[in-house]
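Geometric and topological summary
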Amino acid sequence: MKLCLLFLALSVGVQGHFGGHDSSIQTIEDYLEAYHAFWDSYKDVFRSSQDLVKTLLSIESSVCEEEETSEECDPGTNWVLGCKCKSEFSSLGDRCSRIPCELVRYFKDNGPRMMQNFTAAENYEEMFRVVMEPAEKIWGILCDCRGVVDAITNCVPHYDGQLFSDFNLDRTGFDRIVEHLDWELVNEAVQRYLDAVCGAPMGQDCLPVFNTWQVNYGTFLDNTSKKESMCLSYRRAEEEFEAYLEAEVKKDNMTMKSYIEGAIEEYLVMEEKIFCDAKCAPEMQETFYFSCCLKHAAEVLSSEDMKEKLVKLFQNTWSLLYTGDAPDLTDAVDKFMTMYRPAEFCQEHTDVFKKFNDKCDVLIA
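Residues numbered from 1 in each chain as written. Predicted model: local features only at pLDDT ≥ 70, side-chain atom pairs only at ≥ 80, totals over all residues. Heavy atoms only, no water.

What about the overall build of the chain?
Assigned secondary structure in the chain consists of 20 helices and zero strands. By the compact-globule yardstick of 21 Å for 365 residues, the chain fits well, its C-alpha radius of gyration being 22 Å. Projected onto the principal axes, the alpha-carbon positions of the chain cover approximately 65 × 50 × 40 Å. When burial is assessed residue by residue, the chain has 48% of its 365 residues classed as buried. (Helix = DSSP H or I, 4+ residues; strand = E, 2+ residues; numbered from the N terminus. Rg over C-alpha atoms; globule rule 2.2 N^0.38 Å. Buried < 20%, exposed > 50% of the residue type's maximum accessible area, 1.4 Å probe, protein only.)

Next up, the structure:
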């Protein structure tokens, strides 16, 4: 979640967890209302998506077709993937070459149930539990078949399928993104991200840990929504939270660089209050930093090479959104990533996170 927030900060100027807000969002209540509306908009989409299975059945007939005896690709048969993507996936070997078909069938068989559970969810904990089910599935596939990332980044820039035309979709935006992105850099950043989430300290399967982490954040939001001033709630940092919201509103006289740096500064002040308060740090550690998997992931994501890739990716995507040269946000990224290492981030207030790190270091050694 925090890495997503950072990329939003770099791409569109710290637009907040739900993708953007204006000066009307000044309090926690305003934020929660907008955040709730964001997720409700997806519930509305899922309620109206009655044709999901029908669509996936149509796609399945193309993606899951049997291997062709001819070496020539038939564009009509492979109208979804296209011949370029078909070739890239076919080169991955027996198990990994079938990933597109596996995913289509997974969502065909499980999509209606997940959509129903998502729309029926009564709180963020339930909602995030539903969302993390397919997320964990996709992570697992990518961890087992890292070549899938290569296949995607090699074939997407040269997509020659008929998906857009058959569904009467305008591909102008797609083509613009494809032309602007440095796909080699995208590949490197995604692979490094997978180094973080696929890591297995002591042979532990880390994916369920990240699932639990996100569900726990749902509980944190639920407590905030119920106006409970407790350790697992933004309510105990209401002043810092609202200062962060104010910093997210770009003033007319601000450069994009000063705007992003200011918003990140206020966000870190809020995070320090939430994570580092000596009274609540033990509960925060048990809830959000409870596994050596999380320590490993945080260290990878805050590594120097990952920070360098994020800055380069921001600079690469800048021209999609703005004109002129991209500001240098190396220092801003470096500062933001300090919270990924809570032992150092909170060292002036508590040693709870350092003690946990020490335990992990002993176990892994």
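As for the environment of Gly-76
Note that Gly-76 resides in the loop between α3 (52–63) and α4 (82–90). Through-space distance from the C-alpha of Gly-76 to that of Val-209 is 42 Å; in sequence the pair is 133 residues apart.

Some thoughts on the state of the cysteines
Inspection of the entire model under this criterion finds nine disulfides. Note that Cys-96 is cross-linked by a disulfide to Cys-145, the S-S spacing being 2.1 Å. The sign of the -80° torsion about the S-S bond sets the Cys-96-Cys-145 disulfide as left-handed. Of the two residues, Cys-96 is situated in helix α5 (residues 94–97) and Cys-145 in the loop between α7 (124–144) and α8 (147–155); the sequence distance between them amounts to 49 residues. Each disulfide pairs two cysteine sulfurs, and for Cys-206 the partner residue is Cys-293, the sulfurs being separated by 2.0 Å. Judged by the torsion about the S-S bond (-80°), the Cys-206/Cys-293 disulfide is left-handed. Linking Cys-206 in the loop between α11 (183–197) and α12 (207–225) with Cys-293 in helix α16 (residues 292–301), this pair joins segments that are 87 residues apart in sequence. (Disulfide = S-S within 2.5 Å.)

Let's talk about the nonpolar core
By size, the foremost hydrophobic cluster in this structure holds 84 residues, and its most contacted members are Tyr-217 and Tyr-234. Looking at which element gives the most residues to this core, the answer is helix α14 (residues 256–276), with ten residues. If you look at the next biggest cluster of nonpolar residues, it comprises 21 residues, including Leu-81, Cys-85, Cys-101 and Val-186. (Core = buried A, V, L, I, M, F, W, Y, C linked by side-chain atoms within 4.5 Å.)

A short note on the packing of α11 against α16
α16 packs onto α11 with a crossing angle of 155° between their chain directions and a minimal axis gap of 7 Å. Here α11 is positioned roughly antiparallel relative to α16, judged by the angle of their axes. Contacts between α11 and α16 involve Arg-192, Tyr-193, Asp-195 and Ala-196 on the former and, on the latter, His-296, Ala-297, Val-300 and Leu-301. By residue class, the composition of the contact of α11 with α16 is five nonpolar, one polar and two charged. (Axes fitted to C-alpha atoms, helices over the stretch in contact; angles between N-to-C directions. Parallel < 35°, antiparallel > 145°, perpendicular 65-115°, else oblique. Contact = heavy atoms within 4.5 Å. Nonpolar A, V, L, I, M, F, W, Y, C, P; charged D, E, K, R; others polar.)

Structural notes on the pattern of salt bridges
Enumeration over the complete set of coordinates arrives at 25 salt bridges. Across the salt bridge formed by Arg-129 and Glu-125, the nearest N and O atoms sit 3.0 Å from each other. Linking Arg-129 with Glu-125, this pair stays in helix α7, spanning four residues, or about one helical turn. Owing to a relative accessible area of 45%, Arg-129 belongs among the partly exposed residues under this scheme. Between Asp-175 and Arg-171 there is a salt bridge, with its nearest N and O atoms 2.9 Å apart. Under the relative-accessibility criterion, Asp-175 is labelled partly exposed at 25%. According to the relative accessible area criterion, Arg-171 is partly exposed, its value standing at 26%. (Salt bridge = Lys/Arg side-chain N within 4 Å of Asp/Glu carboxyl O.)

Functional significance is not addressed by these values, which are geometric in nature.
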